[in-house]
Amino acid sequence: RMVPPDLGVASSVVSSTLETIQIALFGTVVAAVVSFVLGLLAANNLTPRWINQPIKSFLGVLRGIPLILLAVMFVSTVGLGPFPGVLAIAVHSTGMLGKFYAEAFENADKGVFEAIDSSGASWFQRVRFAVLPQVAPDVARDTMFRFELNLRESLVLGLVGAGGIGFYIQSYVRAFQYERVATLTLMVIVMVIAVEQLSTWIRRQLR
């Protein structure tokens, strides 16, 4: 019943695809900004133990909450649409990116820290001149990887009313319009492959 695909839903395909990309993009951007701050606070070479340990535990809690559960919670709180999808992705991604960023900061060369500390640098100067130049490629690579993952996960969020292609797929399945589901499914495959290739190329350039 999915053959042949119904190409008459091209407008829905385009709009839902853009919405899915926007959900993944905005969610990743918000998570990257928050994770950068939390990653700095969670790095044991930048903050004392009484600061970094609670932050690491908090990030672990965020990672432990399933994304679909976050989506259901935000849908019930702020209503249907892409906004709860963005919130769910942002919260869940913060747990993962915060951990990755903190590990990247902790792996920075200690010799650079010793050199800049000997000049009497402040905490912000340590971050600016000792940490960021070393970890920028790792941070960019981790962020791009998470965006690729978020794009795939945002497809599922629509099944609980959080917008994107998944929302249309669910609607068409319930209406038994499988030929339209086939069109959306083909678009999902194309989109995921394209983003994966782009992500692979960008990560290769950052090596």
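Read on for an overview of the structure. Just so it is clear, the model here is predicted, and its values are computed rather than measured. Sequence order as written defines the numbering, with residues in each chain counted from 1. A pLDDT threshold of at least 70 governs which residues receive local features in this predicted model, and a stricter bar of 80 or more applies before side-chain atom pairs are shown or counted, although totals over entire chains, interfaces and linings include all residues. The side-chain figures draw on all heavy atoms in the structure; neither hydrogens nor water molecules are used.

1. Quick look at helix α2 (residues 49–64)
Here comes step 1: Runs of E in the DSSP output that reach at least two residues are strands. Runs of H or I that reach at least four are helices, and both are numbered from the N terminus. Any helix carries an expected span of 1.5 Å times its number of residues minus one. The end-to-end C-alpha separation of α2 is 22 Å, in line with the 22 Å expected for 16 residues at 1.5 Å each.
Here comes step 2: All buried positions along α2 are accounted for by N52, I55, L59 and L62. Mapping the buried residues of α2 onto a view down its axis gives an arc of 80 degrees, with all of them on the same face. Exposed residues lying more than 90 degrees from the buried face of α2 are R49, W50, V61 and G64. Residue burial is assigned from relative accessible area. The probe radius is 1.4 Å, only protein chains are included, and a residue is buried under 20% of its type maximum, exposed over 50%, and partly exposed in between. Note: the arc covers the axis-to-C-beta directions of the helix.

2. With respect to the pattern of salt bridges
Here comes step 1: What counts as a salt bridge is simple: a side-chain nitrogen of Lys or Arg found within 4 Å of a carboxyl oxygen of Asp or Glu. Under the criterion given, the structure shown has five salt bridges.
Here comes step 2: Of the charged contacts in the structure, one is a salt bridge between E106 and K56, with a shortest N-O distance of 2.9 Å. Of this pair, E106 sits in helix α4 (residues 82–106) while K56 sits in helix α2, placing them 50 residues apart in sequence.
Here comes step 3: On the basis of relative accessibility, which here comes to 21%, the residue E106 falls in the partly exposed class.
Here comes step 4: Look at K56 and you get partly exposed, because its relative accessible area is 29%.
Here comes step 5: Between R146 and E153 there is a salt bridge, and its shortest N-O distance comes to 3.2 Å.

3. Regarding the nonpolar core
Here comes step 1: Among buried residues, the Ala, Val, Leu, Ile, Met, Phe, Trp, Tyr and Cys ones that are joined through side-chain atoms within 4.5 Å form a nonpolar core. Core analysis: the biggest nonpolar cluster contains 15 residues, and L155, I165 and M191 have the highest contact counts within it.
Here comes step 2: Breaking this core down by element, the ones donating at least two residues are α1 (10–42), α6 (123–157), α7 (165–174) and α8 (178–206).
Here comes step 3: The element best represented in this core is α8, accounting for six residues.
Here comes step 4: Two residues form a contact once any of their heavy atoms are found within 4.5 Å. Ignoring any residue separated from it by four or fewer positions in sequence, one finds I165 in contact with S16, T17, T20, L155, L184, V188 and M191.
Here comes step 5: Core analysis: the second largest hydrophobic core is formed by 13 residues, A31, A43, F105 and V127 among them.

From the geometry alone we can't say anything about function, so treat these as descriptive.
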